[in-house]
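Residues per chain, in single letters:
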Amino acid sequence: MLYDIRLHLHYDYAAAAGGGRHQIRVLPSTISGVQRVIAASLSFAPAPNERSDFSDFFGNNVTSIAFRDAHDALDIRMSARVSVSRPEPGLDVSPDIGRLRQELAAVRSLAPDTPHHFLTGSTHAGLDDAITLYAHDSVGGSAAGTAMDLCNRIHRDFTYDGEATTVRTRASDAFNLRRGVCQDFSHIMIAGLRGLGIPAGYVSGFLRTIPPKGKPRLEGADAMHAWVKVWCGRDAGWQEFDPTNGMRASNDHITVGHGRDYSDVAPIVGVLKTTGGQVGEQAVDVIPVVLEKA
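Note that this is a predicted model, so its numbers are computed, not measured. (Residues numbered from 1 in each chain as written. Predicted model: local features only at pLDDT ≥ 70, side-chain atom pairs only at ≥ 80, totals over all residues. Heavy atoms only, no water.)

(A) The nonpolar core, seen in detail. Membership of the largest hydrophobic core comes to 39 residues, with the highest contact counts inside it found for Ile154, Ile188, Met189, Leu193 and Val230. Per-element tally for this core: the top contributor is helix 5 (residues 182–196), with eight residues. Once residues within four sequence positions are removed from consideration, leucine 193 is found in contact with Ala147, Leu150, Ile198, Ala200 and Val230. (Core = buried A, V, L, I, M, F, W, Y, C linked by side-chain atoms within 4.5 Å. Buried < 20%, exposed > 50% of the residue type's maximum accessible area, 1.4 Å probe, protein only. Helix = DSSP H or I, 4+ residues; strand = E, 2+ residues; numbered from the N terminus. Contact = heavy atoms within 4.5 Å.)

Here's what the structure looks like:
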């Protein structure tokens, strides 16, 4: 699939900010065998006094900006053309959890993609006895099968509710509520798998949404999304699951980046020299591109 993606983040400040510094993670990544970024751009209004672009530890695209002048709003616009071609799931060659632990113990690397970085509790996805017990009911057969079953159960047992949680909500709190959004469901799945000894990480990106039959596609109606990557052993490697929709990640999932949880790949983090609060808005368009044959 070929997509044109547009993202607009807008922030209004209650009082003019005298300065600020932010890190932005919204540019999609090229991932071998999964997706290719053909073109991408990122712009800001007002223009920052400083800007630098780099890759973080996990290989995510990061743009660091700084403002020294007063401003009462910030607009961030990203546009990209991305080709996504995820391989179809093949024969499940992942081991059971016992064998997975043996394969994990044999991994000696501390490279960014090593499963050891995704095994212990993290800020938003801490290990929790109740979540581990819930996840244990999915154990049976292979590691990938366990992950798929847990993914489906979260989709079935939890209610999507955009008002129930915030970006600061932790997995244990969302689990007790039995409701939340994609970020929460991903954190619950990550915490549950880690509690079982299965390495799991957080994926941030975009999801193409399809309007109901006969209804027009609404501009800005697509969304930033989150799902889960799971290390399923030496031969199966990393596989991705979407507990919000009860499915494996598909060609409708466009990756921006990954980390241990939301805190590693938040779209924007930073500090402002100001008083009062702020209000933010987000609009996303994921538009399939059909190329005409010559």
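Next comes the rest of the description.
(B) Main features of the domain arrangement of the chain. Domain assignment breaks the chain into domain 1 (2–85 + 267–288) and domain 2 (97–264). Just the C-alpha atoms count here: the centres of domain 1 and domain 2 sit 24 Å apart. Between domain 1 and domain 2, the residue contacts involve 26 residues of the former and 28 residues of the latter. Summing both partners gives a buried area of about 2100 Å² for domain 1 against domain 2, and 60% of it is carried by carbon and sulfur. Three residues, Phe58, Val284 and Val286, lead the burial of domain 1 against domain 2; their summed loss comes to 28% of the area buried on that side. For the interface between domain 1 and domain 2, the tally reads zero salt bridges. Counting across the interface, domain 1 meets domain 2 through eight residue pairs in polar contact (both at pLDDT 80 or more). Sort the elements by how many residues they give to the side of domain 1 that touches domain 2 and strand 15 (residues 278–288) lands first, with seven residues. Split into classes, the residues belonging to the side of domain 1 that touches domain 2 amount to 18 nonpolar, five polar and three charged. (Domains from an automatic or database assignment. Buried area = accessible area lost by both parts, 1.4 Å probe. Salt bridge = Lys/Arg side-chain N within 4 Å of Asp/Glu carboxyl O. Polar contact = N/O pair within 3.5 Å; in protein donor to acceptor, adjacent residues only side chain to side chain. Nonpolar A, V, L, I, M, F, W, Y, C, P; charged D, E, K, R; others polar.)

(C) Highlighting the sheet that holds strand 2 (residues 20–24). Strand order in the open sheet formed by four strands is 4-5-2-14, with antiparallel pairing between adjacent strands. The sheet is open, and its two edges are formed by strand 4 (50–55) and strand 14 (268–272), each paired on a single side. Direction aside, the axes of adjacent strands within the sheet are offset by 10° on average. Here strand 2 pairs with strand 5 (residues 61–67) via five bridges, running antiparallel. Bridge pairing in strand 5 places glycine 20 opposite phenylalanine 67. (Pairing = 2+ DSSP bridges. Axes fitted to C-alpha atoms, helices over the stretch in contact; angles between N-to-C directions.)

(D) Region of interest: the side chain of serine 186. With respect to the secondary-structure elements, serine 186 resides in helix 5. With relative accessibility at 0%, the residue serine 186 sits in the buried group. A distance of 3.4 Å separates a polar atom in the side chain of serine 186 from the backbone oxygen of alanine 226. Filtering out sequence-adjacent residues up to four positions away, serine 186 remains in contact with Tyr202, Ala226, Trp227, Val228 and Pro243.

(E) A look at unusual backbone geometry. Cis peptide bonds are those with omega within 30 degrees of zero, and the linkage from alanine 45 to proline 46 qualifies with 0°. Considering the arrangement of structural elements, one finds proline 46 in the loop between strand 3 (35–45) and strand 4.

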